[in-house]
Amino acid sequence: MVPVAHPAPEPWAAGCPGSRLAKGRWGGLGTFPVNYSSRDMPKQYRFLLNKDLLWVQFSGFHTDLHHHKDNSLISISDEPDTLYRKLSVLVKGHDKTVLDSYEYFAVLAAKELGISIEKIHEPPRKIERFTLLKSIHIFKKHRVQYEMRTHYRCLELKHLTGSTADVYLEYIQRNLPEGVAMEIKKTKLEKLPEHIQKPIWDKLPSVEETATGALETGH
Amino acid sequence: MAAPLWRRGLTAAPWTRGSFSWLLSCSRAIQTTAVCHKNRAARVRVGKGDKPVTYEQAHPPHYIAHRKGWLSLHTSNLDGEGGAAERTVEDVFIRKFIYGTFHGCLANEIVLKRRANVLVVCAVFLQRLPPYKFYFLVGYTETLLSFLYKCPVRLEVQTVPEKVIYKYL
């Protein structure tokens, strides 16, 4: 039985920034410790920086464990969850700064969900250039050149479960900036089929014996 | 070296040069040297200094990724993506539509953003109409364009008392 979390409709419900659910210390009223680094903290909470741990109260936040059964977003099924060895997210865009900020956002989201990042690299940009005539009629010597630049950024994540991958990808894709496209490659791990789990050569001598037996009888 | 000229009308045949040169000098001509073919694309030419010009208009297109941003943001011009022509046609239509609906109220060019299914039109208007008229026109544009393009269209509007002048050319 594996709880499968359906992707939440609001993108921010996937993981509250900075909350460490593994702490296990849930207050009854919905207060929980929040560990913020000073850089990630929103401005309105900066005055509380002198303490290491902040107790922040969020009203209307359900912490009751029994609520999970009534929660329609999480469903439990008997099928084993698919496993991915590698998830490769390639983003391409015209503007390198937009890709930089999106990479920061994706890495932050992956760290919050506890996904291990294998590597982040930047494939070389591609420029498509073409030359056209500047004038509508004659003037062959005067041309105009246009180019379209595509910058890339590749984020490789490793060892994910199917439900984590779904949640992460849904969150990432809902927050894709305009003018940026994404390509995803998933490398799935599958169990070896039963008929090739054991080597065949254990059974081969019996086959040879029957063949030799057939030959002897044929004589 | 004299600038090469294309002569229309009288052709300069060798036997006419001596006697009819005064006739030839008053024929029409088109200048065809490269020096005269300056770029005029998306540029406001320098004038006397009385023409007010916004930041967008003041920068020629080679500043696009450096000092200017893009006016239309979509993924069809990226490597390996399609649909560029359709998006361009939609953009042109939307710009003309909004220019006509909010006639005389546009302070700057419209910015079009395409995020998944949603088309976001960001516009800066002048405060030439009372607010209730603006609200009506915004709702009208959104509804009409969503029905036309079968996708949610959002208009994000900012108003400004006057056009923001960057410099005078």
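Residues numbered from 1 in each chain as written. Chains lettered and ligands numbered in written order. Predicted model: local features only at pLDDT ≥ 70, side-chain atom pairs only at ≥ 80, totals over all residues. Heavy atoms only, no water.

- As annotated in an unreviewed UniProt entry, chain B is Mitochondrial ribosomal protein S24 from Mauremys mutica.
- Under the UniProt heading Subcellular location (unreviewed entry), the note attached to chain B is "Mitochondrion".
- The heading Sequence similarities (unreviewed entry) in the UniProt record of chain B holds the text "Belongs to the universal ribosomal protein uS3 family." (UniProt positions renumbered as here; feature names shortened; annotations may be inferred.)

Looking at the overall build of chain B
- Check the secondary structure of chain B and you find 4 helices and 8 strands.
- Secondary structure elements in chain B, listed N-terminal to C-terminal, are β-α-β-β-α-β-α-β-β-α-β-β.
- Accessible surface, chain B: about 11,600 Å² in total, of which carbon and sulfur atoms supply 59%. (Helix = DSSP H or I, 4+ residues; strand = E, 2+ residues; numbered from the N terminus. Areas by Shrake-Rupley, 256 points an atom, 1.4 Å probe, with all protein chains shown as cover.)

Topic: the interface of chain B and chain A
- If you look at the interface, chain B gives 16 residues, while chain A gives 16 residues.
- The junction of chain B with chain A conceals about 1,400 Å² of combined surface from both sides, 56% of it contributed by carbon and sulfur atoms.
- Summed over the shared surface of chain B and chain A, the result is 7 residue pairs in polar contact (both at pLDDT 80 or more).
- Of the residues that constitute the side of chain B that touches chain A, the class distribution is 4 nonpolar, 7 polar and 5 charged. (Contact = heavy atoms within 4.5 Å. Buried area = accessible area lost by both parts, 1.4 Å probe. Polar contact = N/O pair within 3.5 Å; in protein donor to acceptor, adjacent residues only side chain to side chain. Nonpolar A, V, L, I, M, F, W, Y, C, P; charged D, E, K, R; others polar.)

Considerations on unusual backbone geometry
Residue and element names in this part refer to chain A.
- The phi torsion at F139 lies on the positive side, around 55°, for a residue other than glycine.
- Relative to the elements of secondary structure, F139 occurs in the loop between strand 7 (126-133) and strand 8 (143-161).
- Even without being glycine, H159 reaches a positive phi, approximately 55°.
- As for its placement among the helices and strands, H159 is situated in strand 8.
- Residue classification places H159 among the exposed residues on the basis of a relative accessible area of 59%. (Buried < 20%, exposed > 50% of the residue type's maximum accessible area, 1.4 Å probe, protein only.)

Some words on the nonpolar core
- Judged by nonpolar contacts, the single largest core of 22 residues is most densely connected at V91(A), L155(A), L157(A), L160(A), Y168(A) and M182(A).
- Counting 19 residues, the second-largest nonpolar core is a separate cluster that includes F134(B), V138(B), V153(B) and L155(B). (Core = buried A, V, L, I, M, F, W, Y, C linked by side-chain atoms within 4.5 Å.)

Considering empty space enclosed by the protein
Residues and elements named next belong to chain A.
- One pass over the full model with this rule turns up 3 cavities of 30 Å³ or more.
- Its volume calculated, the largest cavity comes out at about 70 Å³.
- V89, V91, Y102, E103, A106, R153, C154, L155 and I172 together form the lining of the largest cavity.
- Listing elements by their share of the lining of the largest cavity, those giving two or more residues are strand 5 (83-93), helix 2 (96-113) and strand 8.
- Classifying every residue of the lining of the largest cavity gives 7 nonpolar, no polar and 2 charged. (1 Å grid on protein atoms, 1.4 Å probe; cavity = no way out; pocket = protein on both sides within 12 Å on 5 of 7 lines; lining within 4 Å. Points joined across faces, edges and corners; volume = space filled by probe spheres on them.)

Section: the side chain of K92(A)
- Note that K92(A) resides in strand 5.
- From its side chain, K92(A) meets the backbone oxygen of D79(B) in a polar contact 2.8 Å long.
- Separated by 3.1 Å, the side chains of K92(A) and E81(B) make a polar contact.
- With near-sequence residues (within four places) excluded, K92(A) lies in contact with L99(A), T150(A), H151(A), Y152(A), G179(A), V180(A), A181(A), E183(A), L78(B), D79(B), G80(B) and E81(B).

A short note on the layout of surface pockets
- Roughly 2,000 Å³ of volume is contained in the largest pocket.
- Among the elements of the structure, helix 2 and strand 8 of chain A together with helix 2 (55-58), strand 4 (72-73) and helix 3 (84-101) of chain B are those that each provide at least two residues to the lining of the largest pocket.
- Grouping the constituent residues of the lining of the largest pocket by class yields 16 nonpolar, 16 polar and 15 charged.

Quick look at the pattern of salt bridges
Residue and element names in this part refer to chain A.
- Applying the stated criterion across every chain, the model contains 16 salt bridges over all chains.
- Close ionic contact of K96 with E122 constitutes a salt bridge, the shortest N to O distance being 3.6 Å. With K96 in helix 2 and E122 in the loop between strand 6 (116-121) and strand 7, this pair connects stretches of sequence that are 26 residues apart.
- Assessed through its relative accessible area of 38%, K96 is described here as partly exposed.
- Among the residues examined, E122 registers a relative accessible area of 41% and is labelled partly exposed.
- Several salt bridges share partner residues, and in doing so they unite K96, D100, E103, E122 and R153 into one network. (Salt bridge = Lys/Arg side-chain N within 4 Å of Asp/Glu carboxyl O.)

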